[in-house]
Amino acid sequence: WRSGWPRGAFPRRCVWAGEGCRREWTGTENSGSPMGKGGYRGFAPVSGDITAARVAEFLGKGLLDVLVDLFKSDPALYDVLGELLASPEMGVRLGASALVGELAVSDPDRRPQAAAALAPLLAGDDPVRRGDAAYLLGFVGGAGELAALETLAAQDPNADVRDAAAEAAQRIRERTDRVTAGPRE
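Quick look at the structure, then. Along each chain, residue indices are assigned from 1 in the same order as the chain's sequence is written. Two thresholds apply to this predicted model, a pLDDT of at least 70 for residue-level local features and 80 or more for giving and counting side-chain atom pairs, whereas whole-chain, interface and lining totals are computed over all residues. As a rule here, side-chain values come from all non-hydrogen atoms in the structure, and water together with hydrogens is ignored.

Considering the pattern of salt bridges
One side-chain nitrogen of Lys or Arg within 4 Å of one carboxyl oxygen of Asp or Glu is enough to make a salt bridge. Under the definition given, this model contains 6 salt bridges. Of the charged contacts, one joins lysine 61 and glutamate 57 as a salt bridge, the two residues approaching to 3.4 Å between their closest N and O atoms. Each residue gets one of three labels from its accessible area relative to the maximum for its type: buried under 20%, exposed over 50%, partly exposed in between, using a 1.4 Å probe on protein chains only. Here lysine 61 falls in the partly exposed class, since its relative accessible area comes to 35%. Judged by its relative accessible area of 33%, glutamate 57 is partly exposed.

See the structure below:
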């Protein structure tokens, strides 16, 4: 079950045209904004509510690094991950998969928030969404999601979903085993 893009699939240098002008994102500026390293040259930091549609628009423009910075600066954005993964548009779902993968690595303390946004999709009617959610929970889920994934791996009517859930459960077990074992000498 491989619906996500590989790490780094988006270009690090993207151009965003908005409000009648071109602004360049290089991924290296540090304007002192809450976005930390990176930002739009010439734009004030984003404020207010950012919707799933706006995040999907950014994904469509290849602005994965921008989104990672935004999610890290505004934890409330994690709530839109489930909505993105449930999108009828494959490109949005692929972008959401890439985003979750990047966030799992760059913002590991917020994995539980990502998992909470994705876990409800395990109970959905669409096997593709269930499989995608299960697969991604392998990267961000913890002990709380393990039981649901094991149940899905044993009982889901779709073989692909069962496989994705089994792989995800194994990934969580391996990650938690590494954490509990501590550093090896």
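Section: the environment of leucine 84
A helix here means a DSSP run of H or I that spans at least four residues, while a strand means a run of E at least two residues long, and both kinds are numbered starting from the N terminus. Relative to the helices and strands, leucine 84 is located in helix α3 (residues 81-85). Since its relative accessible area comes to 2%, leucine 84 is described here as buried. For this analysis, residues touch if any pair of their heavy atoms sits within 4.5 Å. Apart from residues lying up to four places away in sequence, leucine 84 is in contact with Ala52, Val55, Ala56, Val92, Arg93 and Ala96.

With respect to the packing of aromatic side chains
The geometry of an aromatic ring pair comes down to the distance between the two centres and the angle between the two planes. Stacked, edge-to-face and tilted are the three classes for Phe, Tyr and Trp ring pairs, Trp counted by its six-membered ring, which pair at centre distances within 6.5 Å; planes under 30 degrees apart are stacked, over 60 edge-to-face, the rest tilted. Summed over the entire model, instances satisfying the criterion amount to 2 aromatic pairs. Both rings, one in phenylalanine 71 and one in tyrosine 78, keep their centres 5.5 Å apart while their planes meet at 75 degrees; by these two values the pair is edge-to-face. Ring centres 5.3 Å apart and planes at 75 degrees place the aromatic pair tyrosine 135 and phenylalanine 139 in the edge-to-face group. A residue pair is termed a helical-turn pair when its members lie 3 or 4 positions apart in one helix, as tyrosine 135 and phenylalanine 139 do in helix α6 (residues 127-140) at 4 residues. In this structure phenylalanine 139 comes out as partly exposed when scored by relative accessible area, which is 27%.

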